Amino acid sequence: MQAQSTQPFQILSREEPSPVTIHLTVEVDATTTQRMFERALRGIGRHLRVPGFRPGQAPLPMLRRMVPEENLRRAAGELMMDEFIPKVLQQEQLDPYRPPQVNIERLQEGEPFRFKLTVPLRPVVEKLGEYRDLRFPIPPQETSDDEVEQAIESLRKQQMKLEAAPDRPAQTDDRLVVSIQSLEEANARRNRYMITLGQTFGALDNLLAGMQVGETKEATLTFPESFDDPELAGKTLTVAVTVERVLAPIYPELNDEFAKQFGFETLDALREDVRQRITRQKLEYLQDQARSQALAALRERSIVHLPDALIDEQLREEAEEFARELSQNGLTLEMFAQGAGLTREQVIEQLRQRGIVRLQNTFLLMAIADQEGIEVTDAELDSITEIALTDAGPQTRMRLKEDPELRQRVAQEIRLDRALQKLLDIVQNTEQGD
């Protein structure tokens, strides 16, 4: 008690609304507050030109007349935050997981300074649910011959070349350069399009089939809403359609020479590699599903406390990531929300919930790593990073060896990956004895 009485501040109240949040109401005495205001005023005065005085030497009453009250209050408040927040945290033996949030309740020169401090603590897994009885088995996966041939055909189409075919009628799968002109208005523009015969829409495909270079046909067509040209999309028009070029697709033969383009000596070897790759992709997809199901079940069985500051931080990351994804498709958040029939607030709430799930998953996996004794030794970390950074420069390698914070982050990521793999082994009932 005597140690507390010597402090220029006192804790008026301490509330713990959750295991990861502390609310402190703090008051700094009037004398100290006055002194901090004067310090702030002197600090501002060092940057002011006062006629007749060297910088920082002008009397306080003169400076007080020159400095706007709001500026002085802001500077004094910042000084006191820097001065007393660390002391309050030390006295209360608190280690914030993120910077505390400050709400100033009273800040007036010559009066006690009062503020409320919201301190976010490290997330707590209050209850790690039972996970060893979870089962999400993955059946053996096979790939049929038809699936293999479809994949081979896709590779074959990637090697396709186009060859002009001016002397024969257009056929399905030909690439055609056609011009389309509306006959319903004078001087209508003639627009050119590159199309694949058989992949436009029924009426146009039927019209073009069998036409030759230079041939024109007239017809009344109803263009679908999805047609590339907005001038025609969704309209029914009488048009003149002219075939200007016919390009025939030429596909390579399926033989050993074809396989060599992909690094295989024979076509059978390529087929076997494709089969294994498709099977592996199926298995990886089902493993992802099993991980998601296991984590969802574990979240239902567990209790994880997250500070609001961490949730807000994760929401910002989710929103930035989502905005980048939308931007790559030429969309904004508002455009996406409108297309999905949601308000902007509803989209943000969905991102918030997604962020909460990710955070819960992370700390549950950390709890599993602790419970299962999953660790990463310095030797393992050096070995893993040496392989991962084979092409990295010497500075990057040295930083990873000497930066303890970076090493800790990398080790934590490895622990999380191993904990997730452990959970997958358990739910598939393929766990190996340690």
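Before reading on, note that the structure itself is shown above.
What should I look at first to understand the overall build of the protein chain in this one?
Per the secondary structure count, the protein chain includes 14 helices and eleven strands. If you line up the protein chain on its principal axes, its C-alpha atoms span 100 × 75 × 45 Å. With 434 residues in all, the protein chain has 35% of them scored as buried. Considering only residue pairs separated by 6 or more positions, the protein chain has 68% of its internal contacts joining residues 24 or more positions apart. With an accessible surface of roughly 26500 Å², the protein chain has 47% of that area assigned to carbon and sulfur atoms. Here the protein chain contributes 54 positively and 75 negatively charged side chains, and the mean placements of these two sets differ by 7 Å.

I'm lost on helix α8 (residues 267-301) in this one. Help?
Because an α-helix packs 3.6 residues into every turn, residues spaced three or four apart end up facing the same way. When the terminal C-alpha atoms of α8 are compared, their 51 Å separation across 35 residues agrees well with the 51 Å that a helix rising 1.5 Å per residue should span. Residues of α8 that are buried include every one of Leu267, Leu270, Val274, Ile278, Gln287, Ala290, Arg291, Ala294, Leu295, Ala297 and Leu298, and no others. On the buried face of α8, the contacting elements are α5 (145-158), α7 (256-260), α11 (344-372) and α14 (404-427).

Would you take a moment to explain the side chain of Arg175 for this structure?
Relative to the elements of secondary structure, Arg175 occurs in strand β7 (residues 175-182). We classify Arg175 as buried; its relative accessible area is 16%. Separated by 2.6 Å, the side chain of Arg175 and the backbone oxygen of Asp173 make a polar contact. When sequence neighbours within four positions are dropped, the list of residues in contact with Arg175 reads Met160, Leu162, Met194, Ile195, Thr196, Arg245, Val246, Leu247, Pro249 and Tyr251.

Where do I start with the packing of helix α9 (residues 308-328) against α11 in this structure?
Axes are the key here: two packed helices are described by the angle between their axes and the distance separating the axes. In contact at an axis separation of 8 Å, α9 and α11 are set at 115° when each is read in the N-to-C sense. Pair α9 / α11 crosses with right-handed handedness. Contacts between α9 and α11 involve Leu310, Ile311, Gln314, Leu315, Glu318, Ala319, Glu321 and Phe322 on the former and, on the latter, Val347, Ile348, Leu351, Arg352, Arg354, Gly355, Ile356, Arg358, Leu359 and Phe363. Split into classes, the residues belonging to the contact of α9 with α11 amount to eleven nonpolar, two polar and five charged.

Would you mind going over the sheet that holds strand β4 (residues 113-120) with me for this structure?
Where strands meet in a sheet, backbone hydrogen bonds hold them as pairs that are either parallel or antiparallel. With respect to topology, four strands assemble into an open sheet ordered β1-β2-β4-β3, the strand pairing being antiparallel. Pairing within the sheet leaves two strands with one partner each, and these edge strands are β1 (9-18) and β3 (101-106). In this sheet, adjacent strand axes meet at a mean angle of 20° when their direction is disregarded. Bridge analysis of β3 against β4 gives five bridges, and the strand direction is antiparallel. Each residue of the ladder has a partner; that of Val102, found in β4, is Leu117. Across the sheet, helix α4 (residues 69-91) touches β1, β2 (21-28), β3 and β4, and the angle it forms with β4 is around 55°.

Would you explain the nonpolar core in this entry?
Generally speaking, nonpolar side chains in soluble globular proteins are found buried as a group. Residues Leu24, Met80, Leu94, Phe113, Phe115, Leu117 and Val119 are the most contacted members of the largest nonpolar core, which totals 29 residues. Elements supplying a minimum of two residues to this core: β2, α2 (30-45), α3 (60-66), α4 and β4. Considering each element in turn, this core owes the most residues, nine residues, to α4. With residues up to four places along the chain from it excluded, the contact list for Leu94 reads Arg14, Ile22, Leu24, Leu89, Val119 and Leu121. Formed by 27 residues, the second largest nonpolar core is a distinct cluster that contains Ile138, Met366, Leu423 and Leu424.

Rules used throughout
- Residues numbered from 1 in each chain as written.
- Predicted model: local features only at pLDDT ≥ 70, side-chain atom pairs only at ≥ 80, totals over all residues.
- Heavy atoms only, no water.
- Helix = DSSP H or I, 4+ residues; strand = E, 2+ residues; numbered from the N terminus.
- Buried < 20%, exposed > 50% of the residue type's maximum accessible area, 1.4 Å probe, protein only.
- Contact = heavy atoms within 4.5 Å.
- Areas by Shrake-Rupley, 256 points an atom, 1.4 Å probe, with all protein chains shown as cover.
- Lys, Arg positive; Asp, Glu negative; His and termini not counted.
- Charge placed at Lys NZ, Arg CZ, Asp CG, Glu CD.
- Expected span 1.5 Å × (residues − 1).
- Polar contact = N/O pair within 3.5 Å; in protein donor to acceptor, adjacent residues only side chain to side chain.
- Axes fitted to C-alpha atoms, helices over the stretch in contact; angles between N-to-C directions.
- Left-handed = near helix turned anticlockwise from the far one by under 90°.
- Nonpolar A, V, L, I, M, F, W, Y, C, P; charged D, E, K, R; others polar.
- Pairing = 2+ DSSP bridges.
- Core = buried A, V, L, I, M, F, W, Y, C linked by side-chain atoms within 4.5 Å.

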